[in-house]
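Observations on chain architecture
Here are the chains, one letter per residue:
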Amino acid sequence: MAGLSGIPIIILKEGSKRDTGKDAQRRNIAAAKAVADSIRTTLGPKGMDKMLVDSMGDATVTNDGATILRELDVDNPVAKMIVEVAKAQDDEIGDGTTTAVIIAGELLKKAETLIDQNVHPTVIVSGYRQAQTKAQAILKDMSIDVSGDSKTLTKIAQTAMTGKGIELFMKKLSQIAVDAATAVAKTERVDLEESVKIVKITGGSIEDSEINYGLVLEKERLDPMMPKKVEKARILLLEGTLEIKKLSTDAKITITDAQEMASFKQGEEKVMADQVGAIVRAGANVVFCQKGIGQAASHYLAKNGILAARRVKDEDMKLLALATGAKIVGDVMTVTAKDLGSCKLVEERKLGKDKNMIFVEGCTNAKAVSVILHGSTEVFLDEMERALEDALYVVLDVIRSGRIVPGGGAPEIRVAEKIRQYATTLTGREQLAVSAFADAVESIPLALAENAGFDPVNTLMALRSKHQQGLQTYGLNIKTGDPSDMLAEGVVEPLKVKTQAIKSATEAATMILRVDDVIAAKQEGLKPKPGQSPSDYTRPPY
Ligand code: ADP
Ligand code: MG
């Protein structure tokens, strides 16, 4: 596109920044590697934690790759793409984020070497894609069907929680994860966030943590005259209000004497009496209302021995519906017995030193549950919650898919070995790219060994040798540093964690490799980020 008269044609706005060719690739790869390196040391059971301090000075201590990357305030566009990989992995399967990002970083590092040897990025991209497809097949091939085996579910939960600083309480927490996931798996399509509510209580010991087949509401009953405890609860979930709407300003009612005033009030009371009458007729003894409940209604509810709470959050209403089998009713006058949900007990009581809460308990066939976590500090509770979430996801996946693979780097060694064999069937430079892919996948057992303080190269050699003998379930024994059978050790993971990690890593790496031109618009005046006050921003706009 040289200018006809030899004068370069400028097509970009003044102030734009442009990197092309190898320069662009090198910079992009460096940024992606930097992200991968930042979380490499957190991988595995012996991974270290990171302490993240936000702009308000609040600290998070975590070992969770997804959390670290979410909290990192990354400014580089390529680094942002890598962070997206972690997010995608986290949304898809809830675990394996560190693995995905490490592999992506490694794929790019190897690509850089190949580019230096004049292998064109297009060839690398094509080689990586072929290898990725192979890897999926190899993983499926080595996976094991464990449908209906509940002992494996506990092991899956434990592997997902290993290294998160909660080892001592693993037995308790993995059981909770398995029970909760099993309960919510009854629904066709579940979104864990919409069916498991985690309630964190500071104080008490982790051992007091428990699963509640129902829901814990951070609410008090509306009126002290209402019962504190209702057994054999029949629950109404009401979307609308139980109060007379405030008169709008242009509605004008002229009340001239006290008599009229009284009858107006009586009118309001009558409406409420009728509405509560409908609730009583339907047979409800507990009412959860998403909007307001007025004084008159509250009075009638209490008089009829009904326990009620108002302004219940939207997500809690949905959870209540799943847990108790109730329908969410819009118009209270149409409510019938069929709309009500049921459970053994609804009770208001205190948990630890916290304020009163309403417990909805003993829901038979609950498709939503609450998990009550006790812990000494908030920072610890947050990490416990993240570990539990990871475990819930993977257990749910295995309940559904039934397929697992051994952990401890075994699948990565197997994939690398098979892909190297495949590479020998190829000719030309693609062979180099396919072999590089195998090396990149092996960075996982390398990092596991390194983080546990074992010699990474020796460990890798020992593992490869076992696999060459056909022992494909052998991975790194984190206690001894030697290869051992991961199935016997109980270190197992869902197949999906591995297939998804390799897939997301390859997609991100190839996307970045295909870029050979970075055109950045001139940075306009910097705007404060959400949560940042303009005065934090002292840099001038140019
Ligand atoms: P990710 O974010 O990728 O899940 P983790 O820090 O959770 O990263 O580490 C996961 C890796 O640790 C997996 O390769 C898994 O097989 C391995 N792992 C977990 N528990 C053990 C164990 N007890 N022994 C060996 N490897 C383990
Ligand atoms: Mg994990």
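Residue numbers restart at each chain and count upward from 1, following the sequence in its written direction. In the order they appear in the text, chains get letters beginning with A and ligands get numbers beginning with 1. Local features in this predicted model are restricted to residues of pLDDT 70 or higher, and side-chain atom pairs are both shown and tallied only at a pLDDT of 80 or more, whereas totals for entire chains, interfaces and linings draw on every residue. Where side-chain values are given, they derive from all heavy atoms of the structure, hydrogens and water being excluded.

Another aspect to go through is the sheet that holds strand 18 (residues 492-494). Two orientations exist for strands paired in a sheet by backbone hydrogen bonds: parallel and antiparallel. Here, strands pair whenever DSSP counts at least two bridges between them. Helix and strand labels come from DSSP, where a helix needs a run of H or I of at least four residues and a strand needs a run of E of at least two; each type is numbered from the N terminus. Taking strand neighbours across the sheet as the criterion, the 3 strands line up as 4-15-18 in an open arrangement whose pairing is antiparallel. Each having just a single partner strand, strand 4 (144-145) and strand 18 make up the two edges of the open sheet. Bridge analysis of strand 15 (residues 403-406) against strand 18 gives 3 bridges, and the strand direction is antiparallel. The partner of Val405 across the bridge, within strand 18, is Glu493. Those strands touched by helix 6 (residues 150-161) are strand 15 and strand 18, and its axis lies near 90 degrees from that of strand 18. Contacts: residue pairs with any heavy atoms within 4.5 Å of one another. Here the axes come from fitting lines to C-alpha atoms, over the contacting stretch only for helices, and the angles between their N-to-C directions go from 0 to 180 degrees.

This next bit is on the pattern of salt bridges. We define a salt bridge as a side-chain nitrogen of Lys or Arg found within 4 Å of a carboxyl oxygen belonging to Asp or Glu. A full pass over the atoms with the stated rule returns 26 salt bridges. One salt bridge in this structure joins Asp316 and Lys197, with 3.1 Å as the shortest N-O distance. Here Asp316 is found in helix 11 (residues 314-324), whereas its partner Lys197 is found in strand 5 (residues 196-202), with 119 residues between them in sequence. The buried category is assigned to Lys197, whose relative accessible area is 10%. Taking the shortest distance from any N to any O, the salt bridge between Arg221 and Glu348 comes out at 3.0 Å. Placement of Arg221 in the loop between strand 7 (215-217) and strand 8 (229-238) and of Glu348 in strand 12 (residues 341-350) is noted, with a sequence separation of 127 residues between them. Burial status follows relative accessibility: with a 1.4 Å probe on protein chains alone, a residue under 20% of its type maximum counts as buried, one over 50% as exposed, and anything between as partly exposed.

Two faces, one strand: in a regular strand the side chains alternate between the faces of the sheet. Side chains Thr60 and Thr62 of strand 3 (residues 59-62) all project onto a buried face; the interleaved residues Ala59 and Val61 project onto a face where none is buried. Looking at chain direction, strand 2 (residues 50-53) and strand 3 are connected through 4 bridges and run antiparallel. From the neighbouring strand, Val53 faces strand 3, where its bridge partner is Ala59.

The next subject is the nonpolar core. Take the buried residues of types Ala, Val, Leu, Ile, Met, Phe, Trp, Tyr and Cys, join any two whose side-chain atoms come within 4.5 Å, and each joined set is a nonpolar core. If you look at the biggest cluster of nonpolar residues, it comprises 61 residues, and the most contacted ones within it are Val101, Leu107, Ile124, Tyr128, Ile419, Phe437 and Leu513. Looking at which element gives the most residues to this core, the answer is helix 4 (residues 97-116), with 9 residues. Setting aside anything within four residues of it in sequence, one finds Ile419 in contact with Ala131, Lys134, Ala135, Ile138, Val434, Phe437 and Ala438. Residues Leu153, Ala177, Ala183 and Val398 belong to the second largest nonpolar core, which totals 39 residues.

By definition, disulfides here are pairs of cysteine sulfur atoms that lie within 2.5 Å. Within the structure shown, the criterion is met by 0 disulfides. Cysteine Cys363 remains unbridged, with the sulfur of Cys343 as its closest cysteine sulfur at 4.6 Å. According to the relative accessible area criterion, Cys363 is buried, its value standing at 5%.

Here we take up the confidence of the model for the protein. Here the protein averages 87 in pLDDT, and 89% of its residues register 70 or above. The predictor reports its confidence for every residue as pLDDT, a score running from 0 up to 100. In this model residues 533-542 is a low-confidence stretch, pLDDT under 50, and it forms 10 contacts with partners more than four residues away in sequence or in other chains.

Attention now goes to the pairing of strand 14 (residues 369-375). Burial analysis of strand 14 places 7 of its 7 residues in the buried class, the great majority of the element. Two strands pair when backbone bridges link them, and strand 5 and strand 14 are joined in this way by 7 bridges, in the parallel orientation. Within strand 14, the position partnered with Thr202 by the bridge is Gly375.

Between 30 and 60 degrees the pair is tilted, below 30 it is stacked and above 60 it is edge-to-face, where a pair is any two Phe, Tyr or Trp rings, Trp via its six-membered ring, whose centres lie within 6.5 Å. In the structure shown here, the tally under the stated rule is 1 aromatic pair. Over the ring of Tyr422 we find Lys134, and its NZ or CZ is 4.8 Å from the ring centre. The rule is short: NZ of Lys or CZ of Arg within 6 Å of the ring centre and within 35 degrees of the ring normal puts a charge over the ring. We note Arg349 situated over the ring of Phe359; from NZ or CZ to the ring centre the distance is 4.1 Å.

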